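Observations on chain architecture
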Amino acid sequence: VGDWSSVLLHEHFTVPIGPNGYGFAAFMLVQLTVRLLSPRIIDKHSLRHVVRTCAWIGAAGYTIFLNLAIVVSHTSSTMALVFSCLMYAFIAVGVAAMPAAFSSAAGRIPGLPSARALMVAGIWMAIVNVACRMLFSYTAQRVGLPMALEVMGLATVLAGVMTFTLEQRRIDAHAIRR
């Protein structure tokens, strides 16, 4: 979020360099807030439900505010900045609970110690991160940064859809056996 938000704000929305950090600050503040509140919400609802709901709300808000920022950027860089901060706040909602879900899933792989499962998951996430950054850079070069950022919303939705693979009964049964 940090590097692309700054480039988007400065080069496409003509926001001066100084306020470029606001988008990243909004992202980090909301992500921290959601992560602090998530344990209580997860206790009331399932982890899978929380991750999926956050992903869909985050992706919807992100897409809406990205498009609003693109539209108003031609008339007001201040409003583009405000909408961009909201856009990054929503994507923070979308991704905040995901590490807990996928770490939880990795830690419950039968026959594989939790520490090893987390290391394997970390390696795969690093590989996916590098591949996605290269794909994102290529897409931004071909269709432009604002359109390439639309893909982030789609990726968040897909990550939420992946939670359907987390079988709550198996997770609960494995947790009880431990």
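Residues numbered from 1 in each chain as written. Predicted model: local features only at pLDDT ≥ 70, side-chain atom pairs only at ≥ 80, totals over all residues. Heavy atoms only, no water.

Concerning the overall build of the protein
Within the protein, the regular secondary structure consists of eight helices and zero strands. Looking at the protein as a whole, 37% of its 178 residues qualify as buried. Summarising the internal contacts of the protein: among those between residues at least 6 apart in sequence, 78% fall at separations of at least 24. Just so you have it, the protein exposes about 10400 Å², and 71% of that area is on carbon and sulfur atoms. (Helix = DSSP H or I, 4+ residues; strand = E, 2+ residues; numbered from the N terminus. Buried < 20%, exposed > 50% of the residue type's maximum accessible area, 1.4 Å probe, protein only. Contact = heavy atoms within 4.5 Å. Areas by Shrake-Rupley, 256 points an atom, 1.4 Å probe, with all protein chains shown as cover.)

Here we look at a nonpolar patch on the surface
A cluster of nonpolar side chains, namely Leu32, Leu36, Leu37 and Ile41, defines an oily patch on the protein surface of about 390 Å² accessible area. Within the secondary structure, Ile41 sits in helix α2 (residues 21–44). Residue Ile41 is classed as partly exposed on the basis of its relative accessible area, which comes to 39%. (Patch = residues over 30% accessible without salt bridge, like charges linked within 9 Å, V, L, I, M, F, W, Y side chains within 5 Å. Salt bridge = Lys/Arg side-chain N within 4 Å of Asp/Glu carboxyl O.)

Describing helix α6 (residues 114–143)
The end-to-end C-alpha separation of α6 is 41 Å, in line with the 44 Å expected for 30 residues at 1.5 Å each. Among the residues of α6, those classed as buried are Ala117, Phe136, Thr139 and Ala140. (Expected span 1.5 Å × (residues − 1).)

A short note on the side chain of Asn20
Structurally, Asn20 can be placed in the loop between α1 (2–12) and α2. Asn20 sits in the buried class, given a relative accessible area of 4%. Other than its neighbours up to four places away in sequence, Asn20 contacts Ser6, Leu9, His10 and Val15.

As for the packing of α2 against helix α4 (residues 77–96)
Relative to each other, α2 and α4 sit at 30 degrees, their axes nearing to 8 Å. Regarding α2 and α4, the two cross each other, and that crossing is right-handed. Residues Tyr22, Gly23, Ala26, Phe27, Val30, Gln31, Val34 and Arg35 of α2 lie in contact with α4, whose contacting residues are Leu81, Cys85, Tyr88, Ala89, Ile91, Ala92, Val93, Val95 and Ala96. Partitioned by chemical class, the residues of the contact of α2 with α4 number 14 nonpolar, two polar and one charged. (Axes fitted to C-alpha atoms, helices over the stretch in contact; angles between N-to-C directions. Left-handed = near helix turned anticlockwise from the far one by under 90°. Nonpolar A, V, L, I, M, F, W, Y, C, P; charged D, E, K, R; others polar.)

What about the packing of helix α3 (residues 47–72) against α4?
Where α3 meets α4, the closest approach of the two axes is 7 Å, and the angle between their N-to-C directions is 165 degrees. Here α4 runs roughly antiparallel to α3, going by the angle between their axes. As α3 runs across α4, the sense of the crossing is left-handed. Where α3 abuts α4, its residues Cys54, Ala55, Ile57, Gly58, Gly61, Tyr62, Phe65, Leu66, Leu68, Ala69 and Val72 lie against Met79, Ala80, Phe83, Ser84, Leu86, Met87, Phe90, Ile91, Val93 and Gly94. Looking at the contact of α3 with α4, its residues break down into 17 nonpolar, four polar and no charged. (Parallel < 35°, antiparallel > 145°, perpendicular 65-115°, else oblique.)

These values are about where atoms sit, not about what they do.
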